[in-house]
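Observations on chain architecture
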Amino acid sequence: MKAIIFDSGPLISLTLNNLLWVLEPLKQKYKGDFFITSAVKEEVVDYPLKTKKFKFEGFQVLKSIRDGVLSVFETDYVRKETGKMMDLANNIFEVHGKPFKSLHYPELSVLVAAKEVKAEAVVVDEQSTRLLMENPSRMEQLVKKRMHAKVFLNRQCLEEFQSAMRHINVIRSTELVTIAYECGFLNKYIAKPTTIPKPKEELLDGLLWGLKLNGCAISEREINQILKVERKR
Amino acid sequence: MDSKVKEDIKSVLTQLITILSRKEQGDALKVKELSNHVIHNATLFQDEDSISVTVLVYALSKLMESGTIREYGEFRKPIETAYKFLNRNDVERFRRRLRKIFVLISSKDSKLRLYVEDVLNHAQIRRGCKICEHGVSCAKSAELLNISQWELMQYLGKTRLADELKSSDVRSRLRFTRKLFT
């Protein structure tokens, strides 16, 4: 199925940077579906609508759903399988004889939904989910360093988890916005060279740093690498 | 309550009571370091008690730092009582006492109240970030600290957490994303 599934983080990073609108032209270009699970909707819409601080941001994401840019995807399979994935993922590492519970229902529901619809990618900004999928040994080192304790790795759980997540590709809001930039969707923000030298590059720099400073787990080094790639295009 | 968590909380409260019993320079920093000590248990056990204690201790450190709390006795006594309940294994009363201390912090002064509520909220967010640094996901950390992911991500972005890890293969990820949209 031609689909991309979003975790909460990218929607939050994009909204806080006034970039949620970019999903619409991206979706038109993609010619597929942009999904979120109901657990993600609860986090980015239902919860903030009950608060004061991010209520308007919740409304903005809700509008994207109402306008059909994002669709809520929920099945019995997602509900049941997410529970199983939680048991697996949260038993991969053990510290002091206790399972190290690093992942939560919403982010795992995204991965399970991606598996069910055979999505082409999931968009995940936060670090732990990506690390567990892409580099579990690095995750192990991180936990060991931070917890100042030995970490036991349950290989069977890890292998089962990795096998389940095998064909799922992870991208971030930063990659999405870079593609939007390449497609010219953000050209309206390019200033004249008399206002700022290298306006296109400065715009992309601003976009990526904005996303980073609002929670996308991208390093300064990675931002510089993206800028370098775009300079050569 | 897990026995290790209980012993750890008792140890933290004992040290906190000692600090609050004598007024010395650097008290706020000592209390803040105490809060960091509880974070390991908060991360591992993800239990309500470790999280409450870490937030409470951190919030106290910020209020001490800003000079909002000058007389420690007002907080030392209820903390001593909380300790006694915990020592007696009366977990329910211990938790009620902690809640009363939170209310005490919030109700100090009507002018200060907003500031103090802000401090408590800030303490929750800071502790949430600390838990994220230990490898727990954003969503999980937000749930444990009873805050929204929106608040946590805003704060997380300003830390150096993402910079501490080895970079992923940005070029491949970008190439892959580009292919999705062509």
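Everything in this summary refers to the structure shown in the same document. Just so you know, these numbers come straight off a predicted model, no measurement behind them.

With that settled, the discussion passes to the overall build of chain B. A tally of helices and strands in chain B yields 10 helices and zero strands. Ordering the α and β elements of chain B from the N terminus gives α-α-α-α-α-α-α-α-α-α. Taken over the C-alpha atoms alone, chain B extends approximately 65 × 40 × 25 Å along its principal axes. Within chain B, buried positions represent 55% of all 182 residues. The contacts in chain B between residues at least 6 apart in sequence include a share of 66% that link residues at least 24 apart.

What follows covers the overall build of chain A. Scanning chain A from terminus to terminus reveals 12 helices and eight strands. Taken against the 2.2 N^0.38 rule, which gives 17 Å for 233 residues, the C-alpha radius of gyration of chain A at 19 Å falls within 12% of a compact globule. The dimensions of chain A, computed from C-alpha atoms along their principal axes, are 60 × 40 × 35 Å. Counting the 233 residues in chain A, one finds 56% classified as buried. Considering only intrachain contacts with a sequence separation of at least 6, the fraction spanning at least 24 residues in chain A is 74%. As displayed, chain A offers around 10600 Å² of accessible surface, 50% of which is attributable to carbon and sulfur atoms. In chain A, the 37 positive side-chain charges and the 30 negative ones have mean positions that sit 3 Å from each other.

Another point: the packing of aromatic side chains. All names here are of chain A. Applying the stated criterion across every chain yields a total of six aromatic pairs over all chains. Relative to Tyr189, the ring of Trp21 has its centre 6.4 Å away and its plane inclined at 50°; by these criteria the two rings are tilted. Of this pair, Trp21 sits in the loop between helix 1 (8-16) and helix 2 (23-30) while Tyr189 is found in the loop between helix 10 (173-182) and helix 11 (199-213), placing the two residues 168 residues apart along the sequence. Over the face of the ring belonging to Trp21 we find Lys188, whose NZ or CZ atom lies 4.1 Å from the ring centre.

It is worth spelling out the environment of A:Leu142 at this point. For A:Leu142, the location among the structural elements is in helix 8 (residues 136-147). Separated by 25 residues in the primary sequence, A:Leu142 and A:His167 have C-alpha atoms spaced 25 Å apart. With sequence-adjacent residues up to four places away left out, A:Leu142 is seen in contact with A:Leu131, B:Glu133 and B:Gly135.

Once that is clear, we can look at helix 8 of chain A. Residue and element names in this part refer to chain A. With 12 residues, helix 8 extends 16 Å between its outermost C-alpha atoms, agreeing within 8% with the 16 Å of an ideal straight helix rising 1.5 Å per residue. Turning to helix 8, its buried residues are Pro136, Met139, Leu142, Val143, Arg146 and Met147. Relative to the axis of helix 8, the buried residues are bounded by an arc of 110° and lie together on one face. Of the residues trailing helix 8, His148 is marked for its positive phi of about 50°.

Here the focus is the pairing of strand 1 (residues 3-6) of chain A. All names here are of chain A. Burial along strand 1 is two-sided: the face carrying Ala3 and Ile5 and the face carrying Ile4 and Phe6 are both buried. Relative to strand 2 (residues 33-37), strand 1 runs parallel, the two sharing three bridges. Looking at the pairing, Ile5 lines up with Phe35 of strand 2. Where strand 1 and strand 6 (residues 121-123) come together, three bridges link them in parallel fashion.

Another aspect to go through is the sheet that holds strand 4 (residues 93-95) of chain A. Residues and elements named next belong to chain A. Pairing in this open sheet of three strands is antiparallel, and the strands run 5-4-7 from one edge to the other. Single-partner strands in this sheet number two, and they are strand 5 (98-99) and strand 7 (151-153). Pairing between strand 4 and strand 7: three bridges, direction antiparallel. Paired with Glu94 across the strands is Phe152, a residue of strand 7. Packing against the sheet, helix 8 makes contact with strand 4 and strand 7, and its axis sits at approximately 10° to strand 4.

Residues and elements named next belong to chain A. Burial analysis of helix 1 places nine of its nine residues in the buried class, the great majority of the element. For helix 1, the set of buried residues is Ser8, Gly9, Pro10, Leu11, Ile12, Ser13, Leu14, Thr15 and Leu16. Note on helix 1: the residue one or two positions beyond its end, Asn18, has a positive phi of about 60°.

This paragraph deals with a positive patch on the surface. A cluster of basic side chains, namely A:Lys228, A:Lys232, B:Arg171, B:Arg175 and B:Lys179, defines a positive patch on the protein surface. Of all the secondary-structure elements, those providing two or more residues to the positive patch are helix 12 (220-232) of chain A together with helix 10 (170-180) of chain B. With three residues, the single largest contributor to the positive patch is helix 10 of chain B. For B:Lys179, the location among the structural elements is in helix 10. The exposed category is assigned to B:Lys179, whose relative accessible area is 65%.

This brings us to the nonpolar core. Membership of the largest hydrophobic core comes to 140 residues, with the highest contact counts inside it found for A:Phe6, A:Leu23 and A:Phe161. Among the elements that line this core, the one with the most residues is helix 3 (residues 48-65) of chain B, at 10 residues. Filtering out sequence-adjacent residues up to four positions away, A:Phe161 remains in contact with A:Met85, A:Leu88, A:Ala89, A:Ile92, A:Leu108, A:Leu111, A:Leu132 and A:Met133.

On to the pattern of salt bridges. On inspection of all chains with the given rule, the structure shows 25 salt bridges over all chains. Salt-bridge contacts for A:Glu230 lead to A:Arg233; the nearest nitrogen and oxygen are separated by 4.0 Å. Close ionic contact of B:Glu92 with B:Arg99 constitutes a salt bridge, the shortest N to O distance being 3.9 Å. A relative accessible area of 44% means that B:Arg99 is categorised as partly exposed. Each of A:Glu182, A:Glu230, A:Arg233 and B:Arg178 takes part in a single network of salt bridges with overlapping partners.

Rules behind the numbers
Residues numbered from 1 in each chain as written. Chains lettered and ligands numbered in written order. Predicted model: local features only at pLDDT ≥ 70, side-chain atom pairs only at ≥ 80, totals over all residues. Heavy atoms only, no water. Helix = DSSP H or I, 4+ residues; strand = E, 2+ residues; numbered from the N terminus. Buried < 20%, exposed > 50% of the residue type's maximum accessible area, 1.4 Å probe, protein only. Contact = heavy atoms within 4.5 Å. Rg over C-alpha atoms; globule rule 2.2 N^0.38 Å. Areas by Shrake-Rupley, 256 points an atom, 1.4 Å probe, with all protein chains shown as cover. Lys, Arg positive; Asp, Glu negative; His and termini not counted. Charge placed at Lys NZ, Arg CZ, Asp CG, Glu CD. Phe/Tyr/Trp six-rings, centres within 6.5 Å; stacked < 30°, edge-to-face > 60°. Lys NZ or Arg CZ within 6 Å of the ring centre and 35° of its normal. Expected span 1.5 Å × (residues − 1). Arc of directions from axis to C-beta. Pairing = 2+ DSSP bridges. Axes fitted to C-alpha atoms, helices over the stretch in contact; angles between N-to-C directions. Patch = residues over 30% accessible without salt bridge, like charges linked within 9 Å, V, L, I, M, F, W, Y side chains within 5 Å. Salt bridge = Lys/Arg side-chain N within 4 Å of Asp/Glu carboxyl O. Core = buried A, V, L, I, M, F, W, Y, C linked by side-chain atoms within 4.5 Å.

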